[in-house]
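Examination of the molecular architecture
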Amino acid sequence: MITKTCYNEECSQENPQPLTNFHKQSTGKLGVRSRCRTCHNQAMRDYERKRGPEWRRKKTLHRYGITPQDYDRMFREQEGKCKICEKIPQERHSRDRHLVVDHCHTTQAVRGLLCHSCNRALGMFNDDPKVLDKAAAYLRSA
Ligand SMILES: [Zn+2]
Ligand SMILES: [Zn+2]
């Protein structure tokens with residue numbers, strides 16, 4: 001079995017370790033990273049913590065292809081209200097969690113900001129307007 005010693009001198013794992021304890025990295029020695037998974041993951045967590053909440057927010061929004069400025073602009077345009085139910089969510093512990101970015105799963109285009117409930121509801125209906133129409137008709141007929 002090929003083994004490798006973690007680059008981190010304070011590594012909590014028993015060294016040397018099997019290669020499966022390392023993340024793959026094609027440019028690395030033996031095709032893996034220099035630090036074991038445990039140390040690598042810890043380093044990533046420390047890194048994110050050091051960069052702070054603004055950086056994390058930027059990274060999260062980047063996944064949707066928007067900047068914090070885009071989010072804030074949409075948020076202002078919607079006056080902080082959910083684009084479907086028009087309620088202002090009450091959980092205020094984090095600005096991002098306040099309204100979530102809703103995007104089309106096929107085109108990746110951002111549709112707007114929604115409260116958690118509406119966003120989840122769309123997901124449960126598979127973002128299918130036809131089914132949602134039927135659900136609305138069903139409710140009206142009662
Ligand atoms: Zn390690
Ligand atoms: Zn809503």
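None of these values were measured; they are calculated from a predicted model. (Residues numbered from 1 in each chain as written. Chains lettered and ligands numbered in written order. Predicted model: local features only at pLDDT ≥ 70, side-chain atom pairs only at ≥ 80, totals over all residues.)

**Focus: the overall build of the protein chain**
What counts here: Where helices and strands are cited, they refer to DSSP runs of H or I of at least four residues and of E of at least two residues respectively, numbered from the N terminus. As a rule, residues whose C-beta atom has 12 or fewer other C-beta atoms within 10 Å are exposed, those with 20 or more are buried, and those in between are partly exposed; C-beta atoms are placed from the backbone. Note on contacts: each residue gets a C-beta atom placed from the backbone, and two residues are in contact if those atoms are within 7 Å.
Counting secondary structure elements, the protein chain contains 5 helices and 6 strands. With respect to the three principal axes, the spread of C-alpha positions in the protein chain is 70 × 30 × 25 Å. By residue count, 12% of the 142 residues in the protein chain fall in the buried class. A separation threshold of at least 6 residues defines the contact pool for the protein chain, and within that pool the share at least 24 residues apart is 37%.

**Remarks on the domain arrangement of the protein chain**
For clarity, the cut-off: The split into domains, and so the bounds of each, comes from an automatic or database assignment of domains. Any residue that is not Ala, Val, Leu, Ile, Met, Phe, Trp, Tyr, Cys, Pro, Asp, Glu, Lys or Arg is counted as polar, Gly included; the first ten are nonpolar and the last four charged.
By the assigned domains, the protein chain splits into domain 1 (1–62) and domain 2 (65–141). Computed over C-alpha atoms, the centres of domain 1 and domain 2 are 35 Å apart. With 4 residues of domain 1 in contact, the opposing surface of domain 2 contributes 6 residues. Taken together, the residues of the side of domain 1 that touches domain 2 sort by class into 1 nonpolar, 1 polar and 2 charged.

**Observations concerning the pairing of strand β5 (residues 100–103)**
Short version of the rule: For two strands to count as paired, DSSP must find a minimum of two bridges between them.
As paired elements, β5 and strand β6 (residues 110–114) share 4 bridges and run antiparallel to each other. If you follow aspartate 102 over to β6, its bridge partner there is glycine 112.

**Things to note about helix α2 (residues 68–77)**
Counting buried positions over the 10 residues of α2 gives 1, only a small fraction of the element. At the C-terminal side of α2, glutamate 79 shows a positive phi close to 55°.

**What to know about the nonpolar core**
What counts is decided by this rule: In these notes, a nonpolar core means any group of buried Ala, Val, Leu, Ile, Met, Phe, Trp, Tyr and Cys residues linked to one another through C-beta atoms within 7 Å.
Counting residues in each nonpolar core, the largest one holds 8 residues, listed as Tyr71, Cys82, Leu99, Val101, Leu113, Leu114, Cys115 and Cys118. Not counting the four nearest positions on each side in its chain, leucine 99 is found in contact with Phe75, Cys82, Pro89, Leu113, Leu114 and Cys115.

**Some thoughts on helix α1 (residues 37–62)**
This is how it is decided: Working rule for helices: expected span equals 1.5 Å times residues minus one. Bend angle per residue: angle between axes fitted to the 7 residues ending at that residue and the 7 residues starting there.
The end-to-end C-alpha distance of α1 is 25 Å, clearly below the 38 Å that 26 residues give at a rise of 1.5 Å each. The sharpest bend along α1 measures roughly 110° and falls at glycine 52, with the proline proline 53 sitting one to four residues further on. Of all 26 residues that make up α1, 2 are buried, and the element is exposed over most of its length.

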